[in-house]
Amino acid sequence: MSSLKMISRASLCASALGAALLSIAAPAWAQDGPESRAPVGIEVQSLEALDPMEVGLPGAALSMTMWDGSNAASARAALASLPDAATGSYPAQALSELARSVLVSGGYPPSGARGDTALAVLRADRLVAASGVYDGFDLLERTPNLNRIPELARWHAELALAAMEFDRACYTANALLDGRDAPYWLRVRAVCLALEGQSSAAELTAELAGGVEADPLFDRLLFAFTLEQGLEGEPVEVRTGLDLALVNMLTTSDPSMVQAGEATPRWLAEHMSYRRLPNFLNSSDPAGDLQRAAELTGADREFALISVLSQGMDRELAARAMSELFNDAADAGDLASALRLYGSEVSSLPQTAVTLEDGVRFALAAMAYGDLATARSWRDALIDGPRQPIANTPASPTVEDDDANKLAQPMPAEPLGQPVMDEAWTPPSPAELVALDFALLLASGELNRPGAEAVYAALFDRFGGDVLPDLLALQRLGAPVPADLRLALLEREPALVPPTLLAMDEARVAGAQTEAMLFAISALQGADALNAAEIFPRVASFLAESSRDGAMLEVLLERHLVRAF
């Protein structure tokens, strides 16, 4: 991975490496002989090494003073309240992104925590849970003295192996000072030797590891590689990044040979489920490919639909392909992610009677992508009816970027003409339009725009208590809400306030802002139908004070998408 280092004080540490802070308390140098040419009265003070907690990444939300007001124990408790990499998960992408923005922030360690390796390991674990393999790897790539911290070194090696950054994992394994003869590190070095073509040395090193702790699966995979065999026999249940590295080194014609199971930590299972999109060419037969996609499943179907979506021959067919992608994502319970992924294509779709059948989701996709002008255009078209596109034949885009994770370049937008007068056009139901307008209010942050209060009232009439926590949170952000919310609150069953919410309030008052942010995330993470009305407004108030009200709006938008669409 190559990205700029964002380490505060790095230049200071580099320029002062091996230097000292000198304070001269007497005349510096005598002039009467060689023996007198020694410094007199000089005090030497060593410059402290960069602490792992001071290392950060781009996208950080907080400054170097982020841990002011915290001590080692309280910071550890705040980090521990977040989902862990082995078993935890985030219900909303907006929430994990908020956690990431805090966890990639580098700052002076809490009081009494300089050199606290357990705190640094806990932070790395929680970052992997929130953001995945690559951010965790990037952070540890920038962390100094990994060879002296076995726990962080192991995280670095695991993430490097999962990301197929073999040279970085091997560097850490070879540079490690403490615990280098543990079975795990012997096995990493065995893989490194195998990659260098030293098969005999690799097998001998694996035997040394097996003499301490047996691992038949590792031996099977390593020997298959050194013997230049493919992955055969029983399916492999991946348990570690080291296992994944080995199976990635082997060839197999059956993807089901590699599986995540009960022994697979959640971070690794999610990484394994991530599929790189192919650097495909645009479909040359969109109608035929769309028809063939109906007979496909899994990744083959997804790639076929994306190929139709990215072509420039027939953008109405592209819209139909996008609708199918949304259907598949909704069936998998991940519509919000699909809306973000494909939202860049919406501006190029024509607003015809066919495409407007799914116009609500197209508007939501443009919104999720951040293109509010296009979202509003689709909202208007849903009311006015189809538009007549101006004659325009866009050229097929070319793929200039080899990054297999990116879609083909978005099609240029087609200029839209006036609405087609169609007396038979039927707009969406008032409930759908209210839900769409509420989403636009959240996406734009214009909570007080004309007509907003009527939208909130209509939404409350439709969803009742389910939307009460959302409206209370919006009220704390300055939105006008129906007056009868108070009556609805009085009718609710008593709910227990989670300890994390109480801890957030106390940290907020004590000035421990990072702790308060972490406890706020944890409280949102654990909110349920009973206590959300307690959690949402109090967290919203804190995030607004911290200039992070946009994060709260994103959480509410994702929650609204699940509830209404």
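1. A closer look at the pattern of salt bridges
Applying the stated criterion across every chain, the model contains 26 salt bridges. With its nearest N and O atoms 2.7 Å apart, the salt bridge here joins D125 to R126. Residue class for D125 comes out buried when judged on its relative accessible area of 13%. Accessibility expressed as a relative area gives 10% for R126, which makes it buried. Residue R361 is joined to D358 by a salt bridge in which the shortest nitrogen-to-oxygen separation is 2.9 Å. With respect to class, R361 is no different from D358; both count as buried. A network of salt bridges, in which partner residues are shared, links D505, R508, E534, R538 and E545.

2. Re the packing of aromatic side chains
A complete count under the given rule lists six aromatic pairs for this structure. Taken together, a centroid distance of 6.3 Å and an interplanar angle of 55° make the contact between F326 and F362 tilted. A residue pair is termed long-range when its members are at least 10 positions apart, and F326 in helix α15 (residues 315-331) and F362 in helix α17 (residues 359-369) qualify at 36 residues. Ring centres of F438 and Y456 lie 6.1 Å apart, and the angle between their planes is 85°; this geometry places the pair in the edge-to-face category. Taken together, the residues span a long stretch of sequence, with F438 in helix α19 (residues 430-444) and Y456 in helix α20 (residues 452-463) at a distance of 18 residues. Here F438 and Y456 have matching classes, each one buried. Members of the aromatic cluster, joined through ring pairs, are F326, Y342, F362 and W378.

3. Points about the packing of α15 against α17
Following both chains from N to C, one finds α15 and α17 inclined at 80°, their axes separated by 11 Å at the closest point. Between α15 and α17, the interaxial angle falls into the category roughly perpendicular. Here A319, M322, S323, F326 and N327 of α15 lie close against α17, whose contacting residues are R361, F362 and A365. The class makeup of the residues in the contact of α15 with α17 is five nonpolar, two polar and one charged.

4. Examining α17
Of all the 11 residues making up α17, nine are buried; the element is thus mostly covered by neighbouring parts of the structure. Taken as a whole, α17 has its buried residues at G359, V360, R361, F362, A363, L364, A365, A366 and M367. At its buried positions, α17 is contacted by α15, α16 (335-342), α18 (372-384), α19 and α26 (549-564). Remark: G370 follows α17 within two positions and exhibits a positive phi of approximately 95°.

5. Things to note about the confidence of the model for the protein
For residues with low pLDDT, the predicted coordinates do not support detailed interpretation. Of all residues in the protein, 84% have pLDDT values of 70 or greater, and the mean over the chain is 86. Low pLDDT, under 50, characterises residues 1-47; the predicted model gives this stretch 50 contacts beyond four residues in sequence or across chains. Scored below 50 in pLDDT, residues 391-415 makes 51 contacts in the model with residues more than four places away or belonging to other chains.

6. A look at the side chain of S96
With respect to the helices and strands, the residue S96 is situated in helix α3 (residues 93-103). The contact partners of S96, leaving out residues within four places of it in the chain, are Y90 and A130.

7. Overview of unusual backbone geometry
Glycine aside, negative phi is the norm for most residues, and most peptide bonds take the trans geometry. You will see that N145, though not glycine, has its phi angle at about 60°, which is positive. Within the fold, N145 resides in the loop between α5 (133-141) and α6 (150-162). Classification of N145 by relative accessible area gives partly exposed; the value is 39%. Look at E228: it is not a glycine, yet its phi comes out positive at around 60°. Inspection of the secondary structure assignment puts E228 in the loop between α10 (216-226) and β5 (236-238). Taking the relative accessible area as the measure of exposure, E228 reaches 75% and is therefore exposed.

8. Let's talk about the nonpolar core
In this structure, L474, V539 and M552 are the most contacted members of the largest nonpolar core, which totals 167 residues. Among the elements that take part in this core, helix α4 (residues 117-131) stands out by supplying nine residues, more than any other. Once residues within four sequence positions are removed from consideration, M552 is found in contact with A473, L477, L524, F536, V539, A540 and L543.

Rules of the game
Residues numbered from 1 in each chain as written. Predicted model: local features only at pLDDT ≥ 70, side-chain atom pairs only at ≥ 80, totals over all residues. Heavy atoms only, no water. Salt bridge = Lys/Arg side-chain N within 4 Å of Asp/Glu carboxyl O. Buried < 20%, exposed > 50% of the residue type's maximum accessible area, 1.4 Å probe, protein only. Phe/Tyr/Trp six-rings, centres within 6.5 Å; stacked < 30°, edge-to-face > 60°. Helix = DSSP H or I, 4+ residues; strand = E, 2+ residues; numbered from the N terminus. Axes fitted to C-alpha atoms, helices over the stretch in contact; angles between N-to-C directions. Parallel < 35°, antiparallel > 145°, perpendicular 65-115°, else oblique. Contact = heavy atoms within 4.5 Å. Nonpolar A, V, L, I, M, F, W, Y, C, P; charged D, E, K, R; others polar. pLDDT = per-residue confidence, 0-100. Core = buried A, V, L, I, M, F, W, Y, C linked by side-chain atoms within 4.5 Å.

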